[in-house]
Number of protein chains: 4
Amino acid sequence: MIKVGVLGATGYAGIETVRLLSKHPEVKIVKLVSQSFDGQKISDVYPNLAGIIDIECSILDVDDIASSCDVVFTALPHGVSKEVIPDLYKKGLKIIDLSGDFRYNDVSVYEKWYKESHPAPELLEKSVYGLCELYRDKIKQTNLVGNPGCYTTCSILALYPLLKAGVICHDNIIIDAKSGVTGAGRTTKLDYSFCECTENMNAYKIATHRHTSEIEQELSIAAGEEVMVSFTPHLVPLKRGIYSTCYANLSEDISDEEIEKIYTEFYKNEFFVRILPHGKIPESNWVAGSNFVNIGFETDKRLRRIIVCSTIDNLIKGAAGQAVQNMNIMMGFDEKCGLDMPAMYL
Amino acid sequence: MIKVGVLGATGYAGIETVRLLSKHPEVKIVKLVSQSFDGQKISDVYPNLAGIIDIECSILDVDDIASSCDVVFTALPHGVSKEVIPDLYKKGLKIIDLSGDFRYNDVSVYEKWYKESHPAPELLEKSVYGLCELYRDKIKQTNLVGNPGCYTTCSILALYPLLKAGVICHDNIIIDAKSGVTGAGRTTKLDYSFCECTENMNAYKIATHRHTSEIEQELSIAAGEEVMVSFTPHLVPLKRGIYSTCYANLSEDISDEEIEKIYTEFYKNEFFVRILPHGKIPESNWVAGSNFVNIGFETDKRLRRIIVCSTIDNLIKGAAGQAVQNMNIMMGFDEKCGLDMPAMYL
Amino acid sequence: MIKVGVLGATGYAGIETVRLLSKHPEVKIVKLVSQSFDGQKISDVYPNLAGIIDIECSILDVDDIASSCDVVFTALPHGVSKEVIPDLYKKGLKIIDLSGDFRYNDVSVYEKWYKESHPAPELLEKSVYGLCELYRDKIKQTNLVGNPGCYTTCSILALYPLLKAGVICHDNIIIDAKSGVTGAGRTTKLDYSFCECTENMNAYKIATHRHTSEIEQELSIAAGEEVMVSFTPHLVPLKRGIYSTCYANLSEDISDEEIEKIYTEFYKNEFFVRILPHGKIPESNWVAGSNFVNIGFETDKRLRRIIVCSTIDNLIKGAAGQAVQNMNIMMGFDEKCGLDMPAMYL
Amino acid sequence: MIKVGVLGATGYAGIETVRLLSKHPEVKIVKLVSQSFDGQKISDVYPNLAGIIDIECSILDVDDIASSCDVVFTALPHGVSKEVIPDLYKKGLKIIDLSGDFRYNDVSVYEKWYKESHPAPELLEKSVYGLCELYRDKIKQTNLVGNPGCYTTCSILALYPLLKAGVICHDNIIIDAKSGVTGAGRTTKLDYSFCECTENMNAYKIATHRHTSEIEQELSIAAGEEVMVSFTPHLVPLKRGIYSTCYANLSEDISDEEIEKIYTEFYKNEFFVRILPHGKIPESNWVAGSNFVNIGFETDKRLRRIIVCSTIDNLIKGAAGQAVQNMNIMMGFDEKCGLDMPAMYL
């Protein structure tokens, strides 16, 4: 049993991490940090946890964390993680950061898209981008993982194999993504109130969403040259789920069978990636509540274009689940440990 | 007061037509045809109408309709309209058909996408495509309107002015559209049950949806040459609303101000089309419950690409509302008559 | 055309009043007061109104209101109305107050349940309780209406005829009521965020909700003696709708036909009250979007108990619609004017 | 590892049983019976299960089941179970039946409320009512459990301790219950379509719902005399959750502390029952996705009445979860085994 702390435990990504860890057979949760709920039992803030985990939240104390924890999950707001993590890192803790602060290879990309300076660019060199299916070997070696964003996990896994195989054009890649409202986190903004969200939908942050840069970083690696994409996020009235509909022009005549084979080959050892047979289109409730990614595709012969649909649970594979998967890899546990529940469907 | 009949009155498009007509100051509803509910009061099938309109449904009787009605709305399943309408047309009735049967200029396009033959191709030459903002003058002259589809109205109005102005490339046009569940009509299919739809989303009929052909017909006219598009419909868990996110590459360097001007100029006399200032993105509840179309856009300077978002209420501007708008035009009424209610928002 | 102002125009009850008035044939909206959105166009705050009503919001100026308006709707938070209304009243304006401040006959009841003192108890004597179906004659004579609460309208109309007829026992009356989330108003409280509300339900303020006192005031009048009830509100995940399930023991053996007759007789002249035949149970979407009340009942012969179900749209018959109905009565307009649209159903 | 079969595996209660069993450490699922999906992989019917459990469905073969299974769950429609179970019972299988067919002590009660005869009344004497918290000892001894209904589990657990303690009156007990739509099962009825259910709510089967008889059976046992209750089910637009609001008159002056003590004492050894402190009202998302029951109460001093609110996940504690809990008890496993996940909350 390892000892684990969660910083920012009462946000939605934080509490989902707590929920998953509470049933992880190798983990004992010892610290829950919450500035807002210091002194309150986590099960008073989230009564679903009563009888399962009832420990008190406390404010951040780096020394205390260092002496009591082996692994720390930081589910802090973007910009806060980078202030806190250098100290934790120096203490030798294994850290999985759910913010955007340690996902970038190039600090200038971070600073351009997040519009703020980074206080620990040297840590960016140590940190590993925690997209488990792509960086498993590096994750094993690091003490600091930048856990990927929700939109990015869903979109990168959909397009990476095609770019790697060189079968799609690098321009005209379009990712039209739809997210459930938990993606906005635990927030009191009017925009996310029930009456404003339900029976409503809209695009937002067109051409400017930060996840664009993260997607481009990884797709460029796959392509071997700089790739730029149109990424358009949408808010839709459900709680859990990301759905990415990705468009790309095929660079050659290739059969649906060959495309399917590219995918199945690329992900052949991946428990959490399910490639659907050509023409079968995934639905978000096939993954909601689970750590799975479902990927399906169709081709438009008239236009020599492929449309790839991928879907994840934004709170699990898009945040807390992948964070736990990263922990499993870092600690040498079975990667599926504590994560192999099926989606709820209903 | 004109006398109006609605065929297929108990489907969702039909009953929405009835609801709108019930408050139309120039209309008296005299006939509601429903094969399934013959002999039942419409207000027993839809109790929201009790005290407003309580007449009995009856089965189809062409002579009876011809002798009692001036205008007929046919909200019948695709494929049924084309069997019924020739007889009604011969009687000299004004007909607004909400199915796909009379929307096409070229019967071969219909037969290709609907995979069935058309029994009255000669009527296709008489029928006018009822997208009011584009064909107002022709609609005034005709006795038969093919009322446009929901996805198509939303998508065509978004892209038509740009193609007409010649500022976007004709290839690489992508329309990623999201629809509420009423778009599927009054159906008992399991796919549309509450438990299967709520907290779920998915794409469907990728590269094969019939509305593709309708969109391409109109966009080709705007462009002056054949245009083919990727059109991907999605089902999202709300009742009313279509949201089209349209991607196109700009064919020239053009400022956002110029683009905005193209739109405002094109739609300057259109009450039901609201062009948002550059950068303001529409939400579907700004139009739900109304006959309005909202259109907003953003450009991605990095990629010289425009992203246009348009939204309508699929049952109103996407079906019944536009049908009533067509009737207003055909009859010489004020085009807004019975249709100028604001969206519900809440 | 009368000139109308709405105070608190940007709250949910306020904006619903604006929406209804915007299409009222006898009304010109001349003033929208909003402390939060002073100087902004109402259609920038609620873009559904663009092209329908675009006037600017302003802060409260009693003299300005008095000189420009004939009728004022005050949709202010509870406790604010009572500070503002005395000045408006002195100016001779007709006022319809949507808060709880002027609904009570007895100031001590107000002070007990609202836990604050009332600065204008003398106005309580002038104000009329605006439950149109019960107090039409008094409403015609007054300049100040205390527009009823949403739960109360729904519950009182369900039980009043039975108490008046003397067929139910006065003890053991239980009202179990369910409300959509718009009932909480335009609020940024976390409790009303999409993620906390959707797929969730709960009772709240058991035995302490303020509407209890309002219900008891009216049911006591009906009964001719003090009646106390259990009233339990619940929050359910929809936008619009109140559903009251009312339980009472029958005081005598009475047939279902006789009960139905008590209702139909009592409401025989009421356009907005629809009594369902015995055994038919109303659904909230039969009234959502309309000013109607639907009432149905069943009896449990084993227990000699009646269960009455009534439902309204909380924003319309439960707030803005009834307020407009009150205005119609006060001004001598047709009571249905601007209010006779059917429910949306879909 | 025991070998388990699920009959009616593709209904909602069936598939939820499969989902829970798929992660149960003591269980190997060997048979999934489905008349409708014979020959199809369960993961093709429910793609959320792909990679977790992919065995094929087959039609019912009693001998085959008997030879391959130790325990059988029958999640068949009411009326079908009673035809199938006698044969399975004779084979010596342990059977947990999720229908209403084996829940009654008195066959005449069954026949009265289900309006059909029972072919195996002698088995009713063998069967044990599977409300685990009440009948644990009997469940250990039996081979046939009648797994309780969803409404009944929620309601009985709320009221049983009070009746047992003798602190509430036996008349005037009212249970106003609200259910999510999965309670209707996997159905294609229009009433349960998304468009008819979302943004809608209604009571149904007032005074006639079958669960009334089941509730009365158990509450009568608690009370030591026949108790009759008003039970009113409602449909509300969410997937999972039952919420029972129970009203009863206190038979004596008793403090809230004493009432709380009655509950905490009665359930002191029950992991799955969480008694909230007086005045704290449960919400359904505190239990959704889990096997927990949350119970809270408030008293109305004015009326000497108690209002008890209890909530469960109808598919888990109200069906599949309790069925697995029954299996755990029958087999001598830890009762929490495979069931101790916290609720999802989000």
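Right, let's walk through the structure included here. (Residues numbered from 1 in each chain as written. Chains lettered and ligands numbered in written order. Predicted model: local features only at pLDDT ≥ 70, side-chain atom pairs only at ≥ 80, totals over all residues. Heavy atoms only, no water.)

Moving on, we come to the interface of chain A and chain B. Between chain A and chain B, the residue contacts involve 49 residues of the former and 49 residues of the latter. Here chain A packs against chain B, burying approximately 4200 Å² in sum over the two surfaces, 55% of which is carbon and sulfur. Here chain A and chain B share four salt bridges between them. The shortest N-O distance in the salt bridge between B:Asp176 and A:Lys178 comes to 3.0 Å. Linking chain A with chain B are 36 residue pairs in polar contact (both at pLDDT 80 or more), by the criterion used here. Elements supplying a minimum of two residues to the side of chain A that touches chain B: strand S8 (174-179), helix H9 (194-197), strand S9 (202-203), helix H10 (211-223), strand S10 (230-235), strand S11 (242-249), strand S13 (293-300) and strand S14 (305-312) of chain A. For the side of chain A that touches chain B, the element with the highest residue contribution is S11(A), accounting for five residues. For the side of chain A that touches chain B, a count of residues per class yields 24 nonpolar, 13 polar and 12 charged. (Contact = heavy atoms within 4.5 Å. Buried area = accessible area lost by both parts, 1.4 Å probe. Salt bridge = Lys/Arg side-chain N within 4 Å of Asp/Glu carboxyl O. Polar contact = N/O pair within 3.5 Å; in protein donor to acceptor, adjacent residues only side chain to side chain. Helix = DSSP H or I, 4+ residues; strand = E, 2+ residues; numbered from the N terminus. Nonpolar A, V, L, I, M, F, W, Y, C, P; charged D, E, K, R; others polar.)

The two copies are related by a screw operation: chain A maps onto chain B through 180 degrees of rotation and 0.0 Å of translation along the axis, at an RMSD of 0.0 Å. Within this description, the copies of the chain are treated as partners about a two-fold rotation axis. Looking at the interface residues of chain A, 100% of them are also at the interface in chain B, so both copies use one shared face. (Least-squares fit on C-alpha atoms with pLDDT ≥ 70 in both.)

The subject of this paragraph is the sheet that holds strand S7 (residues 144-146) of chain C. Residues and elements named next belong to chain C. With parallel pairing, the seven strands of this open sheet are ordered in space as S3-S2-S1-S4-S5-S7-S6. In this open sheet, the two edge strands, each paired with only one partner strand, are strand S3 (57-58) and strand S6 (128-129). Note: strand S5 (residues 94-97) against S7, three bridges, orientation parallel. Pairing of Ile 95 across the sheet is with Leu 144, part of S7. Contacting strand S1 (2-7), strand S2 (27-33), strand S4 (71-74), S5 and S7, helix H12 (residues 316-331) crosses the sheet at an angle of about 155 degrees to S5. (Pairing = 2+ DSSP bridges. Axes fitted to C-alpha atoms, helices over the stretch in contact; angles between N-to-C directions.)

Bringing the relation of the copies chain C and chain B into the picture now. Of the transformation superimposing chain C on chain B, the axial component is 0.0 Å and the angular component is 180 degrees, with the fit at an RMSD of 0.0 Å. Same-surface contact between copies: 100% of interface residues of chain C are shared with the interface of chain B.

All names here are of chain A. Taking 1.5 Å per residue, 13 residues should reach 18 Å; H10 reaches 18 Å between its end C-alpha atoms and fits that length. The buried fraction of H10 is high, at 12 of 13 residues. For H10, every residue scored as buried is listed here: His 211, Thr 212, Ser 213, Glu 214, Ile 215, Glu 216, Gln 217, Glu 218, Leu 219, Ser 220, Ala 222 and Ala 223. Tucked into the core, H10 has its buried residues touching helix H5 (107-114), strand S6 (128-129), helix H7 (132-141), helix H8 (150-165), S8 and S10. (Expected span 1.5 Å × (residues − 1). Buried < 20%, exposed > 50% of the residue type's maximum accessible area, 1.4 Å probe, protein only.)

Right, let's talk about the sheet that holds strand S14 (residues 305-312) of chain C for a bit. All names here are of chain C. If you trace the seven strands from one edge of the open sheet to the other, you get S9-S10-S8-S11-S14-S13-S12, paired in mixed fashion. Edge positions in the sheet fall to strand S9 (202-203) and strand S12 (273-275), since each has one partner strand and no second. Running over the sheet, helix H11 (residues 256-266) touches S12, strand S13 (293-300) and S14 and is turned about 160 degrees from S13.

It is worth spelling out the packing of H7(A) against helix H12 (residues 316-331) of chain A at this point. Any two packed helices are characterised by the angle at which their axes cross and by the distance between the axes. Residue and element names in this part refer to chain A. Remark: H7 packs on H12, axes separated minimally by 9 Å, with the N-to-C direction vectors making an angle of 35 degrees. Regarding H7 and H12, the two cross each other, and that crossing is right-handed. Listed contacts from H12 to Cys 132, Glu 133, Arg 136, Ile 139 and Lys 140 of H7 are Lys 317, Gln 322, Gln 325, Asn 326, Ile 329 and Met 330. (Left-handed = near helix turned anticlockwise from the far one by under 90°.)

All names here are of chain A. This model, assessed by the stated rule, comprises 84 salt bridges over all chains. Here Asp 256 makes a salt bridge to Lys 301, at a shortest N to O gap of 2.5 Å. With Asp 256 in helix H11 (residues 256-266) and Lys 301 in the loop between S13 and S14, this residue pair connects regions lying 45 residues apart in the sequence. By sharing partners, the salt bridges in this structure join Glu 16, Arg 19, Arg 240 and Asp 313 into a single network.

Each partner contributes residues to the interface: chain C has 33 residues there, and chain B has 33 residues. Taken together, both faces of the contact between chain C and chain B bury some 2800 Å²; the carbon and sulfur share is 65%. Seen at the junction of chain C and chain B, the total is 12 residue pairs in polar contact (both at pLDDT 80 or more). The greatest single-element share of the side of chain C that touches chain B, amounting to three residues, is contributed by helix H1 (residues 12-21) of chain C. In terms of residue class, the side of chain C that touches chain B is made up of 17 nonpolar, seven polar and nine charged.

What follows deals with the pairing of S13(C). Residue and element names in this part refer to chain C. Here S13 lies mainly inside the structure; eight of its eight residues are buried. Neither face of S13 is left uncovered, since the one carrying Val 293, Ile 295, Phe 297 and Thr 299 and the one carrying Asn 294, Gly 296, Glu 298 and Asp 300 both have all their residues buried. For S13 and S14, the ladder comprises seven bridges, and the chain directions are antiparallel. Its bridge partner lying in S14, Glu 298 is registered against Ile 307. Connecting the antiparallel pair S13 and S14 is a turn made up of four residues, with Arg 304 showing a positive phi of about 45 degrees.

Quick look at the environment of D:Asn269 now. Residue and element names in this part refer to chain D. Note that Asn 269 resides in the loop between helix H11 (256-266) and strand S12 (273-275). The class for Asn 269 is exposed, based on a relative accessible area of 66%. Residues Asn 269 and Leu 131, spaced 138 residues apart in sequence, show a C-alpha to C-alpha distance of 15 Å.

Residue and element names in this part refer to chain D. At a minimum axis distance of 9 Å, the contact between helix H8 (residues 150-165) and helix H10 (residues 211-223) shows a crossing angle of 20 degrees. Regarding the angle of H8 to H10, the classification is roughly parallel. For the element pair H8 and H10, the recorded crossing hand is right-handed. Contact residues: Cys 150, Tyr 151, Thr 152, Ser 155, Ile 156, Leu 159, Tyr 160, Leu 163 and Lys 164 in H8; His 211, Glu 214, Ile 215, Glu 218, Leu 219, Ile 221, Ala 222 and Ala 223 in H10. (Parallel < 35°, antiparallel > 145°, perpendicular 65-115°, else oblique.)

Below, the discussion takes up the state of the cysteines. All names here are of chain B. Counting across every chain of the model gives zero disulfides over all chains. No disulfide involves Cys 337; its sulfur sits 14 Å from that of Cys 132, the nearest cysteine. Judged by relative accessible area, Cys 337 falls into the buried class, the value being 14%. (Disulfide = S-S within 2.5 Å.)

On any regular strand, side chains alternate: one points to one face of the sheet, the next to the other face. Residue and element names in this part refer to chain C. Burial along S4 is two-sided: the face carrying Val 71 and Phe 73 and the face carrying Val 72 and Thr 74 are both buried. Pairing analysis gives four bridges linking S1 to S4, with the strands arranged parallel. Looking at the pairing, Val 6 lines up with Phe 73 of S4. Between the parallel pair S4 and S5, the chain is carried across by helix H4 (residues 81-90), and the sense of this crossover is right-handed. (Right-handed = clockwise from strand over helix to strand, strands pointing away.)

For the coordinates displayed, the defined rule picks out 50 aromatic pairs over all chains. For the pair A:Phe194 and C:Phe194, a centre-to-centre distance of 5.7 Å together with 10 degrees between the ring planes defines the contact as stacked. Residue A:Phe194 is located in helix H9, and its partner C:Phe194 is located in helix H9 (residues 194-197); the two belong to separate chains. Relative accessible area serves as the criterion here: at 1%, C:Phe194 is assigned to the buried category. Ring geometry for C:Tyr104 and C:Tyr114: centres 5.9 Å apart, planes at 75 degrees, overall edge-to-face. Here C:Tyr114 lies in helix H5 (residues 107-114) and C:Tyr104 lies in the loop between S5 and H5, a separation of 10 residues in the sequence. (Phe/Tyr/Trp six-rings, centres within 6.5 Å; stacked < 30°, edge-to-face > 60°.)

Right, let's talk about the side chain of C:Asn200 for a bit. Tracing the backbone shows C:Asn200 in the loop between H9 and S9. Polar side-chain contacts of C:Asn200 include one of 2.9 Å to the side chain of D:Glu283. What C:Asn200 contacts, discounting residues up to four positions off in sequence, is C:Leu235, C:Val236, C:Pro237, D:Leu238, D:Glu283, D:Ser284 and D:Asn285.

Taken by themselves, the reported measurements are silent on function.
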